[in-house]
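Chain by chain, the residues run as shown.
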Amino acid sequence: QEPWHELIKGQVLQQFRASGWTSLDLSRTNVTALPHRGHRELEHLTTLRLPLRCSLDSLPEDFAVLQNLTVESFMAAIKRVKTLPEDIVDHPHLRDATELDLSGSSLVTLPKRFPELKNLQTLDLRDCQSLVSLPEGFGELKSLKDLNLYNCQSLVSLSEGFGQLENLQTLNLQWCKKLESLPE
């Protein structure tokens, strides 16, 4: 059965939009996935609380249309998933970020388009224990000064071009137990 079937059935999402509601709390539900459609009906949403004990596989491709989400709601959502849609980098909370705290997230990898975050200066990925790799082109983050990969126990490799991070001042690779070599 499609995720959120009961929520989408009928005109619930349309009523949600028409009502002007801005908060959706799913924290005490058994939802295991977000719908693949219908997010435009939620574009006025400012607060989204996902199930407490849930790690979702991914966010839907059109999740970036939820541009009114608070930073807290947005970050909580992206920390709960294993993969992020490519267009998530177009969301203002990422696109304009100079600091990004993804610590403790469930991410396995970052989107291929992640290097488009040209303003990013500080990236905290500590305790992302499922993170396996960084995307190709990661070295294009020319503004990046601080990168914390502490306790990324599944991290196997750093992307080629990693050495192009010319402004990098701090790099923490402590407890990255599977990392065996650094790129040229």
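Please refer to the structure higher up on the page.
Residues numbered from 1 in each chain as written. Predicted model: local features only at pLDDT ≥ 70, side-chain atom pairs only at ≥ 80, totals over all residues. Heavy atoms only, no water.

A.B. asks: Which residues make up the overall build of the chain, and what values go with them?
C.D. replies: Helix and strand counts for the chain stand at 4 helices and 8 strands. Along the chain, from the amino end to the carboxyl end, the secondary structure elements read α-α-β-β-β-α-β-α-β-β-β-β. When burial is assessed residue by residue, the chain has 42% of its 184 residues classed as buried. A separation threshold of at least 6 residues defines the contact pool for the chain, and within that pool the share at least 24 residues apart is 53%. Of the accessible surface of the chain, which amounts to about 9,900 Å², a share of 46% is contributed by carbon and sulfur atoms. (Helix = DSSP H or I, 4+ residues; strand = E, 2+ residues; numbered from the N terminus. Buried < 20%, exposed > 50% of the residue type's maximum accessible area, 1.4 Å probe, protein only. Contact = heavy atoms within 4.5 Å. Areas by Shrake-Rupley, 256 points an atom, 1.4 Å probe, with all protein chains shown as cover.)

A.B. asks: Outline the pattern of salt bridges, supporting the account with residue identities and numerical values.
C.D. replies: Under the criterion given, the structure shown has 7 salt bridges. For R95, the salt bridge goes to D96, with nearest N and O atoms at 3.2 Å. Judged by relative accessible area, R95 falls into the partly exposed class, the value being 39%. What you see here is one network of salt bridges that share partners, running through D90, R113 and E116. (Salt bridge = Lys/Arg side-chain N within 4 Å of Asp/Glu carboxyl O.)

A.B. asks: Help me get a handle on helix α3 (residues 71–79), residues and values and all.
C.D. replies: Every buried residue of α3 is listed here: S73, F74, M75, A77 and I78. For α3, the secondary structure elements touched by its buried residues are β2 (47–49), β4 (81–83), α4 (92–95) and β5 (99–101).

A.B. asks: Account for the packing of aromatic side chains, with residues named and values stated.
C.D. replies: Overall, the coordinates contain 3 aromatic pairs when judged by the stated rule. Relative to F162, the ring of F138 has its centre 5.9 Å away and its plane inclined at 5°; by these criteria the two rings are stacked. Here F162 lies in the loop between β7 (146–148) and β8 (170–172) and F138 lies in the loop between β6 (122–124) and β7, a separation of 24 residues in the sequence. On the basis of relative accessible area, F138 is assigned to the buried category, the value being 0%. Judged by its relative accessible area of 8%, F162 falls in the buried class. (Phe/Tyr/Trp six-rings, centres within 6.5 Å; stacked < 30°, edge-to-face > 60°.)

A.B. asks: So what's going on with the sheet that holds β5? Residues and values would help.
C.D. replies: Sheets are built from strands paired through backbone hydrogen bonds, the pairs being either parallel or antiparallel. Sheet architecture is open: 4 strands sit in the order β5-β6-β7-β8, paired in parallel fashion. In this open sheet, the two strands that pair with only one neighbour each are β5 and β8. Taking each pair of neighbouring strands and ignoring which way they run, the sheet shows an average axis angle of 5°. Bridge count for β5 against β6 is 3 bridges, and the pairing is parallel. Residue pairing in the sheet places D101 in a bridge with D124 of β6. (Pairing = 2+ DSSP bridges. Axes fitted to C-alpha atoms, helices over the stretch in contact; angles between N-to-C directions.)

A.B. asks: I'd like a description of unusual backbone geometry, backed by residues and values.
C.D. replies: With phi around 60°, D127 is a residue other than glycine that occupies positive phi space. Tracing the backbone through its elements, the reader meets D127 in the loop between β6 and β7. Even without a glycine there, the phi angle at W175 is positive, about 65°. Tracing the chain through its elements places W175 in the segment after β8.

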